[in-house]
Amino acid sequence: MNLKRLLMPIMLIFVLVLAACSGGNDSSSDDSSSDEGDSSSSDKVVKLVYARGQDSTKATEEIVKQFNESHPNIQVEFREMPSDTGQQHDAYVTALNAQDSEIDVMDLDVVWPAEFAQAGYVADLDRFIQQDGINMDDYNQGAVSAATFNGKLWAMPKFIDAGMLFYRTDLVDEGDVPQTWDELEKSAKNLQGKEGTKFGYLMQAKQYEGLVCNAVEFIASYGGQILDENGKVVINSDDAIQGISKLVEVAQSDFVPDNVNTFTETESHTAFIEGQSAYIRNWPYQWNLANDEEQSKIVDKVGVAPLPAGDEGSAAALGGWMTAISKYSEHKKEAWEFLKFMTGPEGQKISAIKGGLAPTISSLFDDKEVLDANPFFAEEGFQNALEGAVSRPVAPNYPEVSEILQINLSKAIAGDLTPKEAAEKMETQLKKAMDQ
Ligand code: GLC
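Numbering of residues begins from 1 in every chain and follows the order in which that chain's sequence is written. Reporting in this predicted model follows two pLDDT cut-offs: at least 70 for local features of residues, and 80 or more for side-chain atom pairs to be given and counted; totals over whole chains, interfaces and linings ignore these cut-offs and use all residues. Water and hydrogen atoms were dropped before computing side-chain values, which therefore reflect all heavy atoms in the structure.

Two side chains carrying opposite charge are able to pair once their charged atoms lie near each other. Put simply, a salt bridge is a Lys or Arg side-chain nitrogen that is within 4 Å of an Asp or Glu carboxyl oxygen. One pass over the full model with this rule turns up 20 salt bridges. Asp372 is the salt-bridge partner of Lys368, the closest N and O atoms lying 2.8 Å from each other. Here Asp372 and Lys368 lie together in helix α14 (residues 368-373), a separation of four residues that amounts to about one turn. For every residue, the accessible area (1.4 Å probe, protein chains only) is compared with the maximum for its type, and the residue is labelled buried under 20%, exposed over 50%, or partly exposed between those bounds. Lys368 gets classed as exposed once you look at its relative accessible area, which sits at 59%. Overall, the relative accessible area of 51% leaves Asp372 in the exposed class. Here Glu427 and Lys431 are joined by a salt bridge, their closest N and O atoms 3.5 Å apart. Residue Glu427 and its partner Lys431 are located together in helix α17 (residues 419-433), separated by four residues, close to a single helical turn. Note on Lys431: relative accessible area 28%, which makes it partly exposed. Via salt bridges that share partners, Asp182, Glu185, Lys246 and Glu249 belong to a single interconnected network. Helix and strand definitions follow DSSP, with helices as H or I runs of at least four residues and strands as E runs of at least two, each counted in order from the N terminus.

What follows is about the nonpolar core. As a rule of thumb, nonpolar side chains are buried together in soluble globular proteins. Core analysis: the largest hydrophobic core is formed by 138 residues, its most contacted members being Met156, Tyr201, Tyr279 and Phe338. The split of the chain into domains comes from an automatic or database domain assignment. Looking at this core, you find at least three residues from each of domain 1 (46-161 + 319-378) and domain 2 (162-318 + 386-433). Working definition of a nonpolar core: buried Ala, Val, Leu, Ile, Met, Phe, Trp, Tyr and Cys residues. They are joined through side-chain atoms within 4.5 Å.

Another aspect to go through is the site of the ligand. Whether a residue is near a molecule or strand is decided by its heavy atoms; if any one of them lies within 4 Å of it, the residue is near. Not every one of the 13 residues close to the ligand is listed here, only the nearest: Asp109, Asp161, Glu265, Gly320 and Arg392. One of the backbone nitrogen or oxygen atoms of Gly320 is found 2.8 Å away from an oxygen atom of the ligand. Each polar contact in these results corresponds to two N or O atoms within 3.5 Å; when the atoms are within protein, one needs to be able to donate a hydrogen and the other to accept it, and residues that are neighboring in sequence are counted only if both atoms are side-chain atoms. Contacts to the ligand include Arg392, whose side-chain N or O atom sits 2.8 Å from an oxygen atom. Here the ligand, which alone exposes 310 Å², has 92% of that area covered by the protein. Where the shell around the ligand is concerned, the elements lending two or more residues are α8 (209-221) and β11 (318-325). Broken down by element, the residue count for the shell around the ligand peaks at three residues, all from β11. Three classes are used, and their members are as follows: Ala, Val, Leu, Ile, Met, Phe, Trp, Tyr, Cys and Pro are nonpolar, Asp, Glu, Lys and Arg are charged, and the others, Gly among them, are polar. Taken together, the residues of the shell around the ligand sort by class into four nonpolar, four polar and five charged. A domain split of the shell around the ligand shows at least three residues from each of domain 1 (46-161 + 319-378) and domain 2 (162-318 + 386-433). Per-residue accessibility takes into account occlusion by the displayed protein chains alone, with areas from the Shrake-Rupley method and a 1.4 Å probe.

The next subject is the sheet that holds strand β10 (residues 302-305). With respect to topology, four strands assemble into an open sheet ordered β8-β9-β7-β10, the strand pairing being mixed. The open sheet has two free edges, formed respectively by β8 (199-202) and β10, since each of these has just one partner strand. Strand after strand, the sheet turns through a mean of 20° between neighbouring axes, direction not considered. At least two DSSP bridges between two strands are required for those strands to pair. Where strand β7 (residues 164-168) meets strand β9 (residues 277-282), four bridges bridge the pair, whose relative direction is antiparallel. Looking across to β9, one finds that Leu165 is bridged to Arg281. Any two residues whose heavy atoms approach within 4.5 Å at even a single point are treated as in contact. Under this scheme, a helix contributes an axis fitted over its contacting stretch, all axes are lines through C-alpha atoms, and angles between N-to-C directions fall in the 0 to 180 degree range. Contacting β7, β8 and β9, helix α7 (residues 181-191) runs over the sheet at an angle of about 140° to β9.

Take the domain arrangement of the protein next. For the protein, the assigned domains read domain 1 (46-161 + 319-378) and domain 2 (162-318 + 386-433). Taking only C-alpha atoms into account, the centre of domain 1 sits 26 Å from that of domain 2. Taken together, the contacts link 30 residues of domain 1 with 25 residues of domain 2. Buried area, as used here, totals the accessible surface that two parts lose on assembly, with accessibility defined by a 1.4 Å probe and the loss added over both. Of the roughly 2100 Å² buried at the junction of domain 1 and domain 2 (both faces included), carbon and sulfur atoms supply 62%. Taken as a group, Val111, Asp161 and Phe376 account for 28% of the area that domain 1 buries against domain 2, more than any other trio of residues on that side. Between the two partners, domain 1 and domain 2, sit three salt bridges. Two residues, Lys58 and Asp292, come together in a salt bridge whose shortest N-O distance is 3.2 Å. For the interface between domain 1 and domain 2, the tally reads five residue pairs in polar contact (both at pLDDT 80 or more). When residues of the side of domain 1 that touches domain 2 are traced back to their parent elements, those giving at least two are α3 (85-97), α4 (113-118), β6 (156-162) and α13 (345-355).

Viewed as axis vectors pointing N to C, α8 and helix α16 (residues 398-414) meet at an angle of 75°, and their least axial separation amounts to 9 Å. By the angle between their directions, the pair α8 and α16 is classed as roughly perpendicular. Residues Glu209, Leu211, Val212 and Ala215 of α8 form the contact with α16, whose participating residues are Tyr398, Ser402, Leu405, Gln406, Leu409, Ser410 and Ile413. Considered class by class, the residues forming the contact of α8 with α16 number seven nonpolar, three polar and one charged. Orientation is classified from the angle alone, with under 35 degrees giving roughly parallel, over 145 giving roughly antiparallel, 65 to 115 giving roughly perpendicular, and any other angle giving oblique.

Okay, helix α2 (residues 59-70) next. Taking 1.5 Å of rise per residue, twelve residues should cover 16 Å, and α2 covers 17 Å from first to last C-alpha, within 8% of that figure. Among all positions of α2, only Ala59, Thr60, Glu62, Ile63, Val64, Phe67 and Asn68 are buried. Packed against the buried residues of α2 are β1 (46-53), β2 (74-81), α12 (332-343) and α13. Residue count minus one, scaled by 1.5 Å, sets the expected span of a helix.

Judged by pairing direction, the sheet is mixed, and its six strands sit side by side in the order β2-β1-β3-β11-β6-β12 without closing on themselves. Of all strands in the sheet, those bounded by a partner on one side alone are β2 and β12 (358-359). Where β6 lies against β11, six bridges are found, and the strand directions are antiparallel. Residue pairing for β11: Met156 is matched across the bridge by Thr323. Helix-sheet contacts for α2 involve β1 and β2, and the interaxial angle to β2 is about 165°. In the packing of α3 onto the sheet, contacts are made with β1, β2, β3 (105-109) and β11, and the angle to β3 comes to roughly 135°.

Set out below in structure tokens:
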């Protein structure tokens, strides 16, 4: 840690000397040569396109606005991508495979960096970080390691997600919040129909990435794993099957929507803020959205708790997003300026206050305005959920791994496979995908 700090000034001198030697042309060690754009020497306004999934909060709009106001020579345009992370992934991969230079900056889901780095889709950020003396020790180390591949940093961590249980405080007293999945099932059944609700519980059970996150939580809460510490496929265990069985039981129950197998975050959070459910499993942004007077019918009626426990304990899936620069951007220097602003303290504060997103800069958890907007950030249950959050498998072929999980879990929810059969199929297919 300290070595990095010690080396920083030396690196800086090195960079400055290099710049001087090359007559101010800062073409770098990056293998794409003409990547810096031509704007530095002129007054021309550089236009950047920043792509990310649909933002149901006002955070992105505000970040772009503040950046554009303070950087008259760089103007960022926000390009909205599909909110489903898998669809968003495919849209980037199509554009990047075609070496499209249109998108300069984009958000990456926490499960993508290995793939994007290996495919050469994104620029490595080490030189920018050194040049600007950014101390990565200020960031959550789990998020930093998720953005690192082959020893290089490919994206800047923007926010961390961990699955949480949100409940209606007009229906559930704080002391009665379900502690286990069995208690949740009982309570959700009881509360369904009260105070105008249609459902007891909302989750994300469509065949997509969010289903993998919900499943990871069920599996881990019963002590199961998809891969063990050595990367070995261990999904066909009694513990994992118990977790999958509980996931299937909840998804097939009468207290979730009949079409829960079409629910992503968007469908579930919309139903929740319309007052349709007593409980929802979602990411931290749910709090901010539920208290947004312009959109929500349940303002001031929401509590947050750790997800219910299985026989092993409560488990949250680790999610989150980071921001990268496209390898094909013609304005990498300006792109870095925007990325630095958005993922630095100023930008992350806007994300936390306007978007309810949990910062990756650790000190922002002590910031009064951040805590006023998100009081539960200070709670032990939330901090524990963040610290203990369970990662999805890390692999450059993650989309293939995820697809195997999604397909078989969906079949189990549809009743086409028993949880045991689903676990066996996932085991065989994952072993093949991971050369085991
Ligand atoms: C959230 C998480 C992300 C996850 C996605 C699944 O956006 O931050 O990591 O993949 O949900 O839908």
